Amino acid sequence: MTSVLYDAPGPRAKRRNVILSVVFVAVLALVLWWVYKTMDDKGQLEWSLWKPFTQSEAWTTYLLPGLADTLKAAALAMVIALPLGAVLGIARMSDHRWVRGPAAVVVEFFRAIPVLLLMLFANEFFARSTDVSSADRPLYAVVTGLVLYNASVLAEVVRAGILSLPKGQSEAAQAIGLRKSQVMGSILLPQAVTVMLPAIVSQLVVIVKDTALGGVMLGFTELLNSRGTLAANYANVVQSFIVVAIIYIVLNFLLTSFASWLEGRLRRSKRSTGAVLGVDDVDELNAGEVGGTFATGAEK
Amino acid sequence: MFDFISDYDDPTLLGAFWMTVKLTVFSGVGSLIWGTLLAAMRVSPVPLMRWFGTVYVNIVRNIPLTVIIVFTSLGLADIFGVTMGAPDDFALQGFRLAVLGLIAYTAAFVCEALRSGINTVPVGQAEAARALGLNFTQVLSLIVLPQAFRSVIGPLANVLIALTKNTTVAATIGVAEAALLMKEMIENEAQTLLIGAVFAFGFVVLTLPTGLFLNWLSKRLAVKR
């Protein structure tokens, strides 16, 4: 295998690689043995601590309801943030400065602020200014915080999606006499939706991960929060963390794989323009890069 | 209107934001080192190292940062007795644990940013260099890395800004940084909107200039192809 960094290995390089592999395995084994030893010394490998996860009670009472709340908050946030993001994204590309300007300020503002601040603020706002019951408040606050942040990220996704379409699309639409709203509504947006699909699915991973913040800071009964109740009941802190982490990994891995599959399918598809907003593009949009430009599928 | 701010002196408003800055700097440096090591493994010619890098990145990226940070406190410190060299000073211990968690998490993103930077260098560049008779070190130091560094600034700037925002997660284990102070203030004072605006402004001040400067730098240094 040859790459930018190194050529196909010759006999000397092959020998060196074997030695490096052996050393690496030794170091890795040493670390793993040390982890095992520490776990064993602290009595963390006792079967009684792991046993609850093989029985249905731990799942039906704690983990599954927690997971359901995580998914509920994530789904609600996505469903509300998507149309908001579309409106903001399109507004940001408006021909009128008085529409474009405020939309840009809103998008950049909410991307620059940590989502935890938004959640804390929403929680207090709901407590003081509305009559949302205190049982529902954590869910409302978490979803509000997530919507504010993700709508502005999705606005950028929408904008990038529309910009990634070939210029000929809007030019042809204008040439046959469509109005601006028709160009956007019947030509650009429908194509941009397919372009954005993988990016939207990978944004779900970010949302799922951020729900955990609400569990600790606002007492929202999602997966990480129910882990606390579970561990208080079975006294298995380390084990419950490992199981919950695995649940998150599997869930997010499925979402990422689905997004990559969509991306590959769209890239291969003959009907589309070949423009795709990929999984990697989402990382860039989440950081809150100011006035940033990003690679779109069309340019890669 | 701003009277209530002076009621808080442990930490003060500025002190809390200073803690945010400290968290960012320490975890930033740490994750740059660990992330570079991971990236070196991910692009190394040894399949086993590549495998380890890939597994680490894919596992850590898919766990919420909150889970990692809370685990450093409830798991590492409480169960395994990891005191981070500060067994009696709980504030310092919490700070170091948070930095440890942030490094473990952010390094995965640093690794991906570096790897994507190396991947932007066309293979033809290295092939041409090898054809000229340059050896491995020369190819790396004269041709590949100078181009890779330039294209890496933008993605790394994004990681840094995301890290600044992620330091708020340290509030979950009681590190006295900005988000924790905001939680305390907003619960006790009547000026909800004002407090929200003050803390939002603080983060805009922290992230906006960094973002603008690094973005300008990355555009200026970009390799035109």
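Residues numbered from 1 in each chain as written. Chains lettered and ligands numbered in written order. Predicted model: local features only at pLDDT ≥ 70, side-chain atom pairs only at ≥ 80, totals over all residues.

1. Thoughts on the overall build of chain B
Turning to step 1, where the next piece is worked out: Of the regular secondary structure elements, chain B holds eight helices and zero strands.
Turning to step 2, where the next piece is worked out: Walking chain B from its N terminus toward its C terminus, one meets helices and strands in the order α-α-α-α-α-α-α-α.
Turning to step 3, where the next piece is worked out: Reported as C-alpha extents along the three principal axes, the dimensions of chain B are approximately 70 × 45 × 25 Å.
Turning to step 4, where the next piece is worked out: Classification of the 225 residues of chain B by burial places 44% in the buried group.
Turning to step 5, where the next piece is worked out: Of all intrachain contacts in chain B linking residues separated by at least 6 positions in sequence, the fraction that spans at least 24 positions is 73%. (Helix = DSSP H or I, 4+ residues; strand = E, 2+ residues; numbered from the N terminus. Buried ≥ 20, exposed ≤ 12 C-beta atoms within 10 Å, placed from the backbone. Contact = placed C-beta atoms within 7 Å.)

2. Overview of the overall build of chain A
Turning to step 1, where the next piece is worked out: Helices and strands together make up the secondary structure of chain A, namely eleven helices and zero strands.
Turning to step 2, where the next piece is worked out: For chain A, the succession of helices and strands along the chain, N to C, is α-α-α-α-α-α-α-α-α-α-α.
Turning to step 3, where the next piece is worked out: The C-alpha radius of gyration computed for chain A amounts to 24 Å, which surpasses the reference 19 Å derived for 300 residues by more than 25%, pointing to a less compact arrangement than a globule.
Turning to step 4, where the next piece is worked out: With the C-alpha coordinates aligned to their principal axes, the bounding extent of chain A is approximately 75 × 70 × 30 Å.
Turning to step 5, where the next piece is worked out: In chain A, which comprises 300 residues, the proportion classed as buried is 45%.
Turning to step 6, where the next piece is worked out: Sequence-distant contacts in chain A: of pairs separated by 6 or more residues, those separated by 24 or more amount to 71%. (Rg over C-alpha atoms; globule rule 2.2 N^0.38 Å.)

3. Concerning the interface of chain B and chain A
Turning to step 1, where the next piece is worked out: Facing 54 residues of chain B, the contacting portion of chain A comprises 49 residues.
Turning to step 2, where the next piece is worked out: Sorting the residues of the side of chain B that touches chain A by element identifies helix H2 (47-62), helix H3 (65-77), helix H4 (90-119), helix H5 (123-131), helix H6 (136-166), helix H7 (178-188) and helix H8 (192-221) of chain B as the ones contributing at least two each.
Turning to step 3, where the next piece is worked out: Broken down by element, the side of chain B that touches chain A gets its largest block of residues, eleven residues, from H8 of chain B.

4. A closer look at the UniProt feature "domain: ABC transmembrane type-1" (unreviewed entry) in chain B
Turning to step 1, where the next piece is worked out: Here the UniProt feature "domain: ABC transmembrane type-1" (unreviewed entry) sits at residues 17-214 of chain B.
Turning to step 2, where the next piece is worked out: Helix and strand shares over residues 17-214 of chain B are 80% and 0% respectively, and the end C-alpha atoms of the span are 21 Å apart. (UniProt positions renumbered as here; feature names shortened; annotations may be inferred.)

5. Some points on the UniProt feature "transmembrane region" (unreviewed entry) in chain B
All names here are of chain B.
Turning to step 1, where the next piece is worked out: UniProt records the feature "transmembrane region" (unreviewed entry) at residues 16-41, 62-84, 90-111, 159-181 and 193-217, using the numbering of this structure.
Turning to step 2, where the next piece is worked out: When the span residues 90-111 is considered, its composition is 100% helix and 0% strand, and the gap between its end C-alpha atoms is 31 Å.
Turning to step 3, where the next piece is worked out: Taken end to end, residues 193-217 comprises 100% helix and 0% strand; its first and last C-alpha atoms sit 35 Å apart.

6. Side note on the UniProt feature "domain: ABC transmembrane type-1" (unreviewed entry) in chain A
Turning to step 1, where the next piece is worked out: This chain's UniProt record puts "domain: ABC transmembrane type-1" (unreviewed entry) on residues 67-255 of chain A.
Turning to step 2, where the next piece is worked out: Helix makes up 86% of residues 67-255 of chain A and strand 0%. Its end C-alpha atoms lie 15 Å apart.

7. Brief notes about the packing of helix H3 (residues 56-92) of chain A against helix H6 (residues 137-163) of chain A
Residue and element names in this part refer to chain A.
Turning to step 1, where the next piece is worked out: Interaxial distance between H3 and H6 falls to 6 Å at its minimum, and their mutual angle equals 40°. It follows from the interaxial angle that H3 and H6 lie oblique. Crossing of H3 over H6 shows right-handed handedness.
Turning to step 2, where the next piece is worked out: Taken together, the residues of the contact of H3 with H6 sort by class into 20 nonpolar, four polar and three charged. (Axes fitted to C-alpha atoms, helices over the stretch in contact; angles between N-to-C directions. Parallel < 35°, antiparallel > 145°, perpendicular 65-115°, else oblique. Left-handed = near helix turned anticlockwise from the far one by under 90°. Nonpolar A, V, L, I, M, F, W, Y, C, P; charged D, E, K, R; others polar.)

8. Some words on the confidence of the model for chain B
Turning to step 1, where the next piece is worked out: Summing up the model confidence of chain B, the mean pLDDT is 92 and the portion of residues at 70 or higher is 100%.
Turning to step 2, where the next piece is worked out: Among the scores for the predicted complex, ipTM is 0.91 and pTM is 0.91. (pLDDT = per-residue confidence, 0-100.)

9. A short note on the nonpolar core
Turning to step 1, where the next piece is worked out: One finds Leu116, Leu117, Met119 and Val157 of chain A together with Val67, Ala98 and Met182 of chain B to be the most contacted residues of the largest nonpolar core, which totals 144 residues.
Turning to step 2, where the next piece is worked out: Looking at which element gives the most residues to this core, the answer is H6 of chain A, with 17 residues.
Turning to step 3, where the next piece is worked out: Ala98 of chain B has contacts with Leu23, Ile69, Ala170, Ile173 and Val175 of chain B, leaving out every residue within four places of it along the chain. (Core = buried A, V, L, I, M, F, W, Y, C linked by C-beta atoms within 7 Å.)

10. Some remarks on the environment of Val143 of chain A
Residues and elements named next belong to chain A.
Turning to step 1, where the next piece is worked out: Its location among the elements puts Val143 in helix H6.
Turning to step 2, where the next piece is worked out: Overall, the presence of 26 C-beta atoms within 10 Å leaves Val143 in the buried class.
Turning to step 3, where the next piece is worked out: Separated by 130 residues in the primary sequence, Val143 and Ala13 have C-alpha atoms spaced 54 Å apart.

11. Comments concerning the UniProt feature "transmembrane region" (unreviewed entry) in chain A
All names here are of chain A.
Turning to step 1, where the next piece is worked out: Those residues carrying the UniProt feature "transmembrane region" (unreviewed entry) are residues 18-36, 73-91, 103-127, 139-162, 183-208 and 237-262 in this numbering.
Turning to step 2, where the next piece is worked out: The annotated region residues 18-36 carries 100% helix and 0% strand content, and the separation between its end C-alpha atoms amounts to 27 Å.
Turning to step 3, where the next piece is worked out: Between the end C-alpha atoms of residues 73-91 the distance is 27 Å, and the span holds 100% helix and 0% strand.

12. What about helix H9 (residues 223-234) of chain A?
Turning to step 1, where the next piece is worked out: Across its twelve residues, H9 of chain A extends 16 Å between first and last C-alpha, which sits within 8% of the 16 Å expected from 1.5 Å per residue.
Turning to step 2, where the next piece is worked out: Where H9 of chain A is concerned, the buried positions are Leu223, Leu224, Asn225, Ser226, Arg227, Gly228, Leu230 and Ala231 of chain A.
Turning to step 3, where the next piece is worked out: Looking at the buried positions of H9 of chain A, the neighbouring elements they touch are H3, helix H8 (180-217) and helix H10 (237-268) of chain A together with H3 of chain B.
Turning to step 4, where the next piece is worked out: Ala235 of chain A sits one or two residues past H9 of chain A and shows a positive phi near 55°. (Expected span 1.5 Å × (residues − 1).)

13. Considering unusual backbone geometry
Turning to step 1, where the next piece is worked out: With an omega dihedral of -5°, the bond running from Asp10 of chain B to Pro11 of chain B counts as a cis peptide bond.
Turning to step 2, where the next piece is worked out: At Ala235 of chain A, a position not held by glycine, the phi torsion is positive, near 55°.
Turning to step 3, where the next piece is worked out: By the element assignment, Ala235 of chain A lies in the loop between H9 and H10.
Turning to step 4, where the next piece is worked out: By the C-beta count within 10 Å, which is 11 here, Ala235 of chain A ends up exposed.
Turning to step 5, where the next piece is worked out: Of note, the phi angle at Met84 of chain B is positive, near 55°, even though the residue is not glycine.
Turning to step 6, where the next piece is worked out: Inspection of the secondary structure assignment puts Met84 of chain B in the loop between H3 and H4.

14. What about the confidence of the model for chain A?
As a note on interpretation, predicted positions should not be read in detail where pLDDT is low.
Turning to step 1, where the next piece is worked out: Looking at chain A as a whole, the pLDDT averages 89, with 92% of positions reaching at least 70.
Turning to step 2, where the next piece is worked out: Taken as a whole, residues 288-300 of chain A scores under 50 in pLDDT and shows 37 contacts with residues more than four places along the chain or in a different chain.

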